[in-house]
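Fold and geometry: a report
Residues per chain are reported as follows:
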Amino acid sequence: QVQLVESGGGLEQAGGSLRLSCAASGRISSSSAMGWFRQAPGKEREFVAAIGWSGASTYYADSVKGRFTISRDNAKNTVYLQMNSLKPEDTAVYYCAARAGTPGIGVQMWEYNYWGQGTPVTVSS
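What you are looking at is a predicted structure, and each value in this text was computed from that prediction instead of being measured.

Regarding the overall build of the chain
Summing up its helical and strand segments, the chain has zero helices and eleven strands in all. Helices and strands in the chain line up, N terminus first, as β-β-β-β-β-β-β-β-β-β-β. A compact globule built from 125 residues would reach a C-alpha radius of gyration of about 14 Å, and the chain, at 13 Å, matches this within 12%. Projecting the C-alpha coordinates of the chain onto the three principal axes gives extents of approximately 40 × 25 × 25 Å.

Written out as structure tokens, the structure reads:
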């Protein structure tokens, strides 16, 4: 069984920074691409960022490009999302997801087969 556990969410002021972590455990292959999605109140879950298994390939939603950075440490089975220059519209529950056994990046929810429980991020103006 694969488990993904997010941490690092919280309350931050606009312009501030937060770093989310996602620790993976269980029967997850090291060749798994990972992604971050978010869901704001009353809205559908949307893609934020993704990273290939080696970390060499990354992809971002236009709304976070230049402000957020996704990275991974395969030795620790952990993926990170560094969020800078936060805006109130970044307020959402952030979910980590894994494409178990697939090394390439995915941007659609259906491409991911494991999900974390989510960590809330609130950005005040």
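Let's pick the thread back up.
Looking at the sheet that holds strand E7 (residues 68–73)
Spatially, the four strands line up as an open sheet ordered E1-E3-E8-E7, and their pairing is antiparallel. Each having just a single partner strand, strand E1 (3–7) and E7 make up the two edges of the open sheet. Neighbouring strand axes in the sheet, compared pairwise and without regard to direction, differ in orientation by 15° on average. Bridge count for E1 against strand E3 (residues 18–25) is five bridges, and the pairing is antiparallel. The residue of E3 that forms the bridge with Glu6 is Cys22.

Observations regarding the state of the cysteines
Summed over the entire model, instances satisfying the criterion amount to one disulfide. The disulfide bridge from Cys22 ends at Cys96, spanning 2.0 Å between sulfur atoms. Between Cys22 and Cys96, the S-S dihedral sits near -75°, and the bridge is therefore left-handed. Placement of the pair is Cys22 in strand E3 and Cys96 in strand E9 (residues 92–99), with a sequence separation of 74 residues. Residue Cys22 shares its accessibility class with Cys96, and that shared class is buried.

Each value, and the rule that gives it
- Residues numbered from 1 in each chain as written.
- Predicted model: local features only at pLDDT ≥ 70, side-chain atom pairs only at ≥ 80, totals over all residues.
- Heavy atoms only, no water.
- Helix = DSSP H or I, 4+ residues; strand = E, 2+ residues; numbered from the N terminus.
- Rg over C-alpha atoms; globule rule 2.2 N^0.38 Å.
- Pairing = 2+ DSSP bridges.
- Axes fitted to C-alpha atoms, helices over the stretch in contact; angles between N-to-C directions.
- Disulfide = S-S within 2.5 Å.
- Buried < 20%, exposed > 50% of the residue type's maximum accessible area, 1.4 Å probe, protein only.

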